[in-house]
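The primary structure of each chain is shown beneath.
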Amino acid sequence: MPESKDERFARIFSMPPAMVPYVDLVVSEQEKELVLQMEGQSLSENQIAELMGMGLDETEHLLKEMTKREVLIRSMHGTQVHYAVGRFYATMDYWTSYETGSWSRLPKWTRNAVTEWQLQDFIKLHTPSFEKIAQDPDVWLQMKNRDVLLLDEALELVAASEYVCVLPCPCKTTMQPGSPVIEGSMRLGARAKETLEIGQGRSLTASEAKAHLLMLDRMGLVHTGPRFWRQHDPDLKWVSHGNCNITYSFPFQAGFRLGLAKKYPRVHYVAQIDQERCQGCGTCVGRCPFGAVYHDGTSISLHGTRLRSIVLNPEQCFGCGLCATSCPEEAIAMQPL
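Each chain carries its own residue numbering, running from 1 in the written order of its sequence. In view of the model being predicted, local features appear only for residues whose pLDDT reaches at least 70, and side-chain atom pairs are presented and counted only at 80 or more, with totals across whole chains, interfaces and linings using the full set of residues. To obtain the side-chain values, all non-hydrogen atoms of the structure were used and water was disregarded.

Asker: Got a sec to walk through the packing of helix α4 (residues 45–52) against helix α5 (residues 56–68)? Specific residues and values, please.
Answerer: Their axes nearest at 9 Å, the elements α4 and α5 cross at an angle of 110°. The pairing of α4 with α5 is recorded here as roughly perpendicular in orientation. Contact residues: Glu45, Asn46, Ile48 and Ala49 in α4; Leu56, Thr59, Glu60 and Leu63 in α5. Under the scheme applied, nonpolar residues are Ala, Val, Leu, Ile, Met, Phe, Trp, Tyr, Cys and Pro; charged residues are Asp, Glu, Lys and Arg; polar residues are all the others, including Gly. Considered class by class, the residues forming the contact of α4 with α5 number four nonpolar, two polar and two charged. A fitted line through C-alpha atoms represents every axis, and for helices the fit uses only the stretch in contact; the resulting angles, taken between N-to-C directions, go from 0 to 180 degrees. By the criteria applied, helices consist of DSSP H or I runs no shorter than four residues and strands consist of E runs no shorter than two, each listed in order from the N terminus. These descriptions rest on fixed angle ranges, namely under 35 degrees for roughly parallel, over 145 for roughly antiparallel, 65 to 115 for roughly perpendicular, and the rest for oblique. Note on contacts: a residue pair is in contact if any heavy atoms of the two residues lie within 4.5 Å.

Asker: How would you summarise the sheet that holds strand β5 (residues 164–167) if you had to cite specific residues and measurements?
Answerer: Here, strands pair whenever DSSP counts at least two bridges between them. The six strands lie next to each other as β4-β8-β9-β6-β5-β7, forming an open sheet whose pairing is antiparallel. Looking along the sheet, the strands with just one partner apiece sit at the ends: β4 (147–149) and β7 (202–204). For this sheet the average axis-to-axis angle between neighbouring strands, irrespective of direction, equals 30°. One ladder, built from four bridges, connects strand β6 (residues 185–188) with strand β9 (residues 239–244); its direction is antiparallel.

Asker: How would you summarise the side chain of serine 185 if you had to cite specific residues and measurements?
Answerer: Tracing the backbone through its elements, the reader meets serine 185 in strand β6. Accessible area is worked out with a 1.4 Å probe on protein chains only. A residue is then buried under 20% of its type maximum, exposed over 50%, and partly exposed in between. On the basis of relative accessibility, which here comes to 17%, the residue serine 185 falls in the buried class. Apart from residues lying up to four places away in sequence, serine 185 is in contact with Cys165, Val166, Leu167, Pro168, Cys169, Pro170 and His241.

Asker: Residues and numbers for the packing of aromatic side chains, please.
Answerer: For Phe, Tyr and Trp, rings pair up if their centres lie within 6.5 Å, where Trp contributes its six-membered ring, and each pair is then called stacked (planes under 30 degrees apart), edge-to-face (over 60) or tilted (otherwise). With the rule as written, the count across this model stands at 13 aromatic pairs. Between tryptophan 95 and tryptophan 103, the aromatic rings sit 5.6 Å apart at their centres with planes inclined by 75°, giving edge-to-face as the arrangement. An aromatic cluster is present here, built from Phe9, Phe13, Phe88, Trp95, Trp103 and Trp117 joined pairwise through their rings. Over the face of the ring belonging to phenylalanine 318 we find lysine 262, whose NZ or CZ atom lies 5.6 Å from the ring centre. Consider the ring centre and the ring normal. A charge sits over the ring if Lys NZ or Arg CZ is within 6 Å of that centre and within 35 degrees of that normal.

Asker: How would you summarise the packing of helix α10 (residues 151–159) against helix α13 (residues 206–218) if you had to cite specific residues and measurements?
Answerer: One way to put it is that α10 packs onto α13 with a least axis distance of 10 Å and a crossing angle of 155°. The angle between α10 and α13 places the two elements in the roughly antiparallel class. When you trace α10 past α13, the crossing you get is right-handed. Contact residues: α10 offers Leu151, Ala154, Leu155 and Val158, while α13 offers Ala209, Lys210, Leu213, Leu214 and Asp217. For the contact of α10 with α13, the per-class residue count stands at seven nonpolar, no polar and two charged. Note on convention: near helix rotated counterclockwise from far helix by under a right angle means a left-handed crossing. Clockwise means right-handed.

Below is the structure:
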C-alpha cells in the first residue's frame, strides 16, 4: 500500500508512528507541503519561493515561523542562508512547551508512547557520548546537562555570558502536560544568541538571570551544565544549562536507565552535616530530591534540648547543594569528591 501524505511527511520529518494521525496538530497544510517538496534538499529562500510559487514576503514569513519551531533548520552556504528539513525530536520541545493545548489534547496513551520515543531518541542521539562516559565518567563532552552544579557554579556560568535566554522546560511540559510551565531551561553565549535570533526564548540581563536562578533554586530544582567550561569552552560557544526536577528530567531518567547514575549528569560533591549546628528542623529532608537526607526516627540531645536526628546517606547524595542553600543554621557543607 502506498504511503499517505501524512505518512510520508512523518517519515521525512522523523516522527514516531504514534504521531502520524496528529500531523495536522504540529504543522499547517502549507508547511507540510513545503516539507514534502523539500525532501532531502537544502534550499535558499529564493529557491523555496520558486518551489512553492510564492512571493518573497510570504516566503520570508513562512520560513521565519518554521525556523522558530525548528521544522526547518538554517545553515550558511558561503554567504547565503539555506534551509533544510529538521526533525520532530527538536520541534517537539517547542510544540509541547509553547503549544501546550495541542499536546494535552492527545490521548494519554499516545502521549506516553511519544514521550517514551523521545527518551529513546535522546539516548540514541547521544549513544557515542554515553559510551565515552561509561569508560571515563569525567570526559569533557559538549552535551546537555553534563554535570550537577552547585548554585554558586551556576551563578558564575550565567554571570560570564553576554547572552542569556530562558525557555520553558520541555521535559516538564512533555511529561506533565497541563501543569504550570517553568522556564527552567537556559542557554548561554552563542547558543543563547542563536536561540533568540530564530524567535525562541526570553532574553535576560545578568541581574535578571541571577534572580531567575535563585528563584529556581528556591523551587528545589537541580542545576546542571558544563562544570569545566572555563578550560574547554571559555568563550561559551556551546553552553546549555538546565534546572531539573529528577522525576521528569530526560537527562536524569536516561542516566538512571543506562546505569550511569552519578556519571550522567556527573556528580562532583557530597553533602556533610555538622551535627553540632543542626537543629533537626528537617528543611533539608524536604528539599533533597534524591532521598539522601532523612529522619531516622531517633533523637539527640544538644545543649540540653532533644532534637530529631537528621541522617545523610552519602551513597544517595548527588551533590546538588539544595540542602545546603536552604539550611537555616548553615549546618550543611558541600565537599568535593
